[in-house]
Amino acid sequence: MKQYLLSIYQPDGPPPRAGALTKVMEDVARLIEEMKQSGAWVFNGGLHPPSTATVVRARGGETLMIDGPFAEGKEHIGGFVVVQARELDAALEWARKLARILALPGNETGLPVEVRPFQGET
């Protein structure tokens, strides 16, 4: 089975008010449990803000370490799930379920979820 990365993008800026994410996180936990029960779940995690990142780059025979995110942007990856699925459509269905629950009250759009297959998977 192929493995797919479901990347959750969130906007830069201050986090939502305390308690605003309670239902979303409960729904995410239920979805992860559903993924585990189905055998699709491989791994998931949340990430600290981009300001905690360190970029390591080789240049001219030296290794440079730079604080902060690699790219400046209006959105960043806030978390991810790795799933295994027989085909892209199955991975997309997991992404649909995830995207539906990643919306705060009053925000119809929600957070985007990008689906990408890992290379070399059979």
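The shown structure was predicted, so the numbers you read here are calculated from the model rather than taken from an experiment.

A. Up close: the nonpolar core. Leu 6, Val 28, Met 35, Val 81, Val 83 and Leu 98 are the most contacted members of the largest nonpolar core, which has 19 residues in total. Contact partners of Leu 98, with chain neighbours within four places excluded, come to Leu 6, Ile 8, Val 28, Leu 31, Val 81 and Val 113.

B. Quick peek at the environment of Trp 41. The residue Trp 41 is located in strand β2 (residues 41-46) in this model. A sequence separation of 42 residues divides Trp 41 from Val 83, and the C-alpha atoms of the two residues are 4.7 Å apart. When sequence neighbours within four positions are dropped, the list of residues in contact with Trp 41 reads Ile 32, Met 35, Lys 36, Val 81 and Val 82.

C. Structural view of the packing of helix α1 (residues 22-38) against helix α2 (residues 88-101). Axis separation between α1 and α2 bottoms out at 9 Å; the angle between their running directions is 165°. By the angle between their directions, the pair α1 and α2 is classed as roughly antiparallel. You can see that α1 and α2 cross each other, and the crossing is right-handed. Here Val 24, Asp 27, Val 28, Leu 31, Glu 34, Met 35 and Ser 38 of α1 come into contact with α2, specifically with Trp 94, Lys 97, Leu 98 and Ile 101. Looking at the contact of α1 with α2, its residues break down into seven nonpolar, one polar and three charged.

Conventions adopted
Residues numbered from 1 in each chain as written. Predicted model: local features only at pLDDT ≥ 70, side-chain atom pairs only at ≥ 80, totals over all residues. Heavy atoms only, no water. Core = buried A, V, L, I, M, F, W, Y, C linked by side-chain atoms within 4.5 Å. Buried < 20%, exposed > 50% of the residue type's maximum accessible area, 1.4 Å probe, protein only. Contact = heavy atoms within 4.5 Å. Helix = DSSP H or I, 4+ residues; strand = E, 2+ residues; numbered from the N terminus. Axes fitted to C-alpha atoms, helices over the stretch in contact; angles between N-to-C directions. Parallel < 35°, antiparallel > 145°, perpendicular 65-115°, else oblique. Left-handed = near helix turned anticlockwise from the far one by under 90°. Nonpolar A, V, L, I, M, F, W, Y, C, P; charged D, E, K, R; others polar.

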